[in-house]
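Descriptive structure summary
What follows is each chain in one-letter form.
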Amino acid sequence: NSGRISKASSRFTFVLPMLKSRKSSMKAKIREMQEQDAPRLYEIGQACGLGSWSLESYINEYNNPIAKYLVVEAEGQVAGFAGIWCVVDEAQVMNVGILEKYRQNGLGTLLMEALLSTARARGCSCMTLEVKETNTAAICLYKKMGFSAASIRENYYPDHVNGLMMRRGDLG
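1. Structural notes on the pattern of salt bridges
Per the stated rule, a full pass over the model turns up seven salt bridges. For aspartate 159, the salt bridge is made with lysine 132, and the minimal N-O distance between the two is 2.6 Å. Pair noted here: aspartate 159 is in the loop between strand S9 (148–153) and strand S10 (163–168) and lysine 132 is in strand S8 (residues 126–132), with a separation of 27 residues, a long-range link. In this structure lysine 132 comes out as partly exposed when scored by relative accessible area, which is 24%. A salt bridge links arginine 168 to aspartate 170, with the shortest nitrogen-to-oxygen separation between them at 2.9 Å. Arginine 168 gets classed as buried once you look at its relative accessible area, which sits at 14%. Judged by its relative accessible area of 51%, aspartate 170 is exposed. Linked by salt bridges that have partners in common, Arg31, Asp37 and Glu73 make up one network.

So, in structure tokens, the structure goes:
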């Protein structure tokens, strides 16, 4: 079930066939974000507590040449998304959100695997992210994906929760 990366115009496209999540029998499809997905990503972002992002932010990310956003579809709808910025040789995870009813089904792992592949295809050698220090499920996922804690950003989030900086340096 490996995907492939192809270059279409100046943007990369990650294509995965319908996959069964390793944790459940849920079938999922990961594809590149399309501009018409922006309202749905905004809704998911709001539901996941990513409230500082506006609808316009997601539209801007779609048009941002250093950004790449992927969506995961399950049960015929967009159930989550993740995005990175690739700057020189480093990928920075900008946002990850999966609707609560789809969590703990392996969709986060599928999205992160696809982001890692996308970052490699864009020539990135490392990936960084920030996660709420209180988000133990996400921290466990990132550790499973090979990320390690790098530092703490105190009061990083609007609700004054600390941000845990994590890094994975072996994308090659």
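2. Points about the pairing of S8
Counting buried positions along S8 yields six of seven residues, so the element is predominantly enclosed. Note that strand S7 (residues 90–98) and S8 share three bridges and pair parallel. The partner of alanine 91 across the bridge, within S8, is methionine 127. As for the winding sense of the linkage, the β-α-β connection from S7 through helix H3 (residues 107–121) to S8 is right-handed. Here S8 runs beside S10; their pairing, made up of six bridges, is antiparallel. If you follow glutamate 130 over to S10, its bridge partner there is methionine 165.

What counts, and where the lines are drawn
Residues numbered from 1 in each chain as written. Predicted model: local features only at pLDDT ≥ 70, side-chain atom pairs only at ≥ 80, totals over all residues. Heavy atoms only, no water. Salt bridge = Lys/Arg side-chain N within 4 Å of Asp/Glu carboxyl O. Helix = DSSP H or I, 4+ residues; strand = E, 2+ residues; numbered from the N terminus. Buried < 20%, exposed > 50% of the residue type's maximum accessible area, 1.4 Å probe, protein only. Pairing = 2+ DSSP bridges. Right-handed = clockwise from strand over helix to strand, strands pointing away.

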